[in-house]
Structure formats: structure tokens, C-alpha cells
Amino acid sequence: MKQVRVGMVGYKFMGKAHSHAYRDLPMFFPKTAKPVMKAICGRDADGVAQAAEQFGWESYTTDWRELVKRDDIDLIDINAPSDAHKAIALAAAAGGKHVFCEKPLALTLKDSREMLQAVEAAGVKHMIGFNYRFAPAVQLAKKLIQEGRLGHIYHFRAWFLQDWIVDPDFPLVWRLQKEVAGSGSHGDLGAHLIDLAHFLVGEMKEVIGMSETFIRERPLPSTMAGLSAKGGRDAPRGPVTVDDATLFLARFAGGALASFEATRFAPGHRCTNAFEINGSKGSVKFDFERMNELQVYFTKDAEDVQGFRRVLATDPSHAYSEAWWPPGHTIGYEHTFIHETVELMQALAEDRQPVPNFHDGVKCQQVLEAVDLSIAKRRWVQVDEV
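Everything numeric here is computed off the predicted structure, so don't read it as measured data.

> Could you give me a rundown of the nonpolar core, with the residues and numbers involved?
Counting residues in each nonpolar core, the largest one holds 106 residues, and the members touching the most others are Phe 156, Met 204, Phe 260 and Phe 275. The greatest single-element share of this core, amounting to eight residues, is contributed by helix α8 (residues 185-200). Membership of the second largest hydrophobic core comes to 11 residues, among which are Ile 165, Val 173, Val 240 and Phe 265.

Below, the structure written as C-alpha cells:
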């Protein structure tokens, strides 16, 4: 495939990020199959029409069922709220369309497995949107581990800290409603940490966790978009039905120990998505708020110069960096989506499954639900119990 004709469902936060990736990819990665932005879909006619014009889509519709039936579309991109993922993915697969779905894959592990079964039965390509894998510094951490330069891995600790709902009068957006989002910080933020753990270290064997909802009622919103919303303090209130914070411990199949923390109640932390990995020969540290940097330590350095060094992952030797700017000229959040889309387009051109795909989405959902079960049962849970 030299071109991939895309139909996208969703046009707000992730819709803008994906649209930007499709538009910029051909400029910087000209040898990759070119995404053609055929149609965008959203429920609000005025909103999706404006998005189509602003983002550069050829057409728009308010009915995703119509979109998945179109003969001039090869790939369905799903970044609508989580409760819509399953129905759209199943219909797209039944229509022979390749599927790119934002995380979490579905509201439940059962639904995730059904989605995986559907795309495999249809023989279509499938990808899930874990964009943080595609930061060059994270790719460098993976390279160091694969090459054995960190030795045997002992520890993985990760935390994703945000503060956008600390105000108790922040409105009850869809991400705070279980029937739409599936879970709160656990499935939204923790899912990224779980995927990074799988990508960098391997599969988890057992987990134990705890969670809390600090603010249990919030004003109903008058408007909402992305992570922002409006609503008055005197507006009617509704219940928050997801977690505000979830923490858990884990043991990897390979023996390493792990800790995870995901919260939206950490004032001063806008998007602190970070991890540290300790091995027998060294360590690495990463924080997405400084996404171009990887902190690296090797035990074999001379004693008088031992310590963490800052590696700026912008040289041509670093993943994807050769396509961008001269060394030291940094990239940003949106570039992770471009790199993710490069993998998707290359996979379609090469007739292979992209990575990460629905298998990774199911594996992540399995850990999420194992943690939920451990919280409910107040005990360690084997991941393969769920």
C-alpha cells in the first residue's frame, strides 16, 4: 500500500492529535505509506464540520455506521469515548477495515477479548494507541535493556501524576463516569504505565493494589472538550463513579518487582509520566515532562565520575530522530503520535501487524482488571486469574 485512506471517529483531544500526525507524516517520513484523510465523524454536526475544515479532512459525517461502510476507506481510526470503541471496532472489522483504536481498548477485559477475536477472524490489521512508547528516549531505554547494557532487571517503578481535577467544583466530565470511561486514573493514566512496563520489562505475574475517590460528587458540565469543561458551582451534581487515584505493586514473570501510581490529585504535576528501571549493570530514569531526555547510569563507570548522566535523545542514532531537526533541537508530545502513525503506515505497507496492537490492549486490560480484583478482594491476585 502506497496510500492508506483513513476514516476517523472522534474529533476533540485525540482527534486533533491523530489528525496532526496524519498531516505531518508525509513531510518528515516520505518513504512511508501516505495517510489520506478521507472522512471524520462526530455526533455534533457543527463541531465535526468545523474540525474537518480545521484539521484538513476531505469530508465529515455524524454517523460512524455510515463511515465504516464506505468503499473508499481502508482504515478506521477510533478515538471516541471508551464506551464506543467496541461497537465501532466490531463493525469496522466485519467490513474488512483495518482498525486503529485509542486506549483503553474497551470498558472490560471481556469486551477487549471480543474485539481481538473479531479483528483476527476478519484478518485485518489492528493497532492500539499507546503513544508514549514512541518517544525516542523511551525507545533508547528499550534498546539499552535489549542489548543487556542494564544487566538483569530488578526494579520498575512508575508514576503518572496529574492535577486537572483537584478543584472539587471541576465538572463531572465523561472521564469521571464509569459507564463511559471504564475507570478513572487507573485506566486512563495507569494503562500507559502498564504498557510501558510490558514494553520495557515484560509480562506481570501478580498484583496487589488500592484506590480512592476523593471527590464523590461534582457539578454537571454545561460544555466539555478534551480535559477542559465548564459548569457552575450551583449546577446540579452527579456522582463520580471512577477512581481518582490507584496504586499497586506487581511482580514480573522474570522476577523483577514493580510499583505503579496513577493520580489526578497531585497539585503541580501537569503530566508527570515517569519511570525508573534498575538493573544489575545500571539504571535509567525518564519523565515525559522532559521527554527528550533519558537519565542513564552505568555501574562500570569509573568511581570518580559515577552518577546519572543526561542523554539528549535527539541524535540521528536515536529512534525516529533522523527525520527531525539537528541534534539538540527537541521535539514534543505531538511527535509521539507521528511516530506511532509511522509504525502503523509501515505495517500496512509491509502487510504485517503493527505494534502495539490489540494483543497488547488485551494484556493491559488484564492487568487493570487484576488490580481491580485485588482491591475488591484485598489480596494478591495472579494476573491469569482474570
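> Outline helix α4 (residues 85-94), listing residues and values.
Three or more residues of α4 are buried, namely His 85, Ile 88, Ala 89, Ala 92 and Ala 93. Buried residues along α4 cover an arc of 130° about the axis, so they all sit on one side.

> I'd like a description of the sheet that holds strand β7 (residues 153-161), backed by residues and values.
Across a sheet, strands are paired by hydrogen bonds formed along the backbone, either parallel or antiparallel in direction. With mixed pairing, nine strands are arranged side by side in an open sheet as β18-β17-β16-β15-β7-β14-β13-β8-β19. Two strands in the sheet have a free side with no partner beyond their single neighbour: β18 (309-312) and β19 (381-382). This element, helix α10 (residues 358-377), spans β8 (204-212), β13 (245-252) and β19 of the sheet and lies at about 60° to β8.

> Report on empty space enclosed by the protein, specifying residues and quantitative values.
One pass over the structure, following the stated rule, counts one cavity of 30 Å³ or more. Its boundaries defined by the atoms lining it, the largest cavity holds a volume of some 40 Å³. In terms of lining residues, the largest cavity is bounded by Asn 292, Ala 313, Thr 314, Ser 321, Trp 324, Trp 325, His 329 and Ile 331. Per-class residue counts for the lining of the largest cavity are four nonpolar, four polar and no charged.

> Break down helix α6 (residues 136-146) for me, citing the residues and quoting the values.
Structurally, the α-helix is built with 3.6 residues per turn, so residues lying three or four positions apart point the same way. Where burial is concerned, most of α6 is hidden: eight out of the 11 residues are buried. Within α6 the residues assigned to the buried category are Pro 136, Ala 137, Val 138, Leu 140, Ala 141, Lys 142, Leu 144 and Ile 145. Backbone geometry just after α6 places Gly 148 at a positive phi near 80°.

> How would you summarise unusual backbone geometry if you had to cite specific residues and measurements?
Negative phi is the rule for most residues except glycine; trans is the rule for most peptide bonds. Cis rather than trans, the peptide bond between Lys 103 and Pro 104 has omega equal to -10°. In this structure, Pro 104 sits in the loop between β5 (98-102) and α5 (109-122). The amide bond that connects Val 355 to the next residue, Pro 356, takes the cis arrangement and shows omega of 5°. Within the element layout of this structure, Pro 356 appears in the loop between α9 (333-350) and α10. With a phi close to 70°, Tyr 320 is a non-glycine residue in the positive phi region. You can see Tyr 320 is positioned in the loop between β18 and α9.

> So what about the pattern of salt bridges? Which residues, and what values?
Scanning all chains against the criterion turns up 24 salt bridges. Between Arg 270 and Asp 163 there is a salt bridge; the shortest N-O distance is 2.5 Å. Separated by 107 residues along the polypeptide, Arg 270 in the loop between β14 (257-263) and β15 (272-279) and Asp 163 in the loop between β7 and α7 (178-181) bring together distant segments of the chain. A relative accessible area of 61% means that Arg 270 is categorised as exposed. In this structure, the salt-bridge partner of Glu 385 is Arg 379, at a minimum N-O distance of 3.2 Å. Counted as one network, the salt bridges with shared partners bring together Lys 86, Asp 111 and Glu 114.

So, how was this worked out
Residues numbered from 1 in each chain as written. Predicted model: local features only at pLDDT ≥ 70, side-chain atom pairs only at ≥ 80, totals over all residues. Heavy atoms only, no water. Core = buried A, V, L, I, M, F, W, Y, C linked by side-chain atoms within 4.5 Å. Buried < 20%, exposed > 50% of the residue type's maximum accessible area, 1.4 Å probe, protein only. Helix = DSSP H or I, 4+ residues; strand = E, 2+ residues; numbered from the N terminus. Arc of directions from axis to C-beta. Pairing = 2+ DSSP bridges. Contact = heavy atoms within 4.5 Å. Axes fitted to C-alpha atoms, helices over the stretch in contact; angles between N-to-C directions. 1 Å grid on protein atoms, 1.4 Å probe; cavity = no way out; pocket = protein on both sides within 12 Å on 5 of 7 lines; lining within 4 Å. Points joined across faces, edges and corners; volume = space filled by probe spheres on them. Nonpolar A, V, L, I, M, F, W, Y, C, P; charged D, E, K, R; others polar. Salt bridge = Lys/Arg side-chain N within 4 Å of Asp/Glu carboxyl O.

Keep in mind that these numbers describe shape and distance, not what the molecule does.
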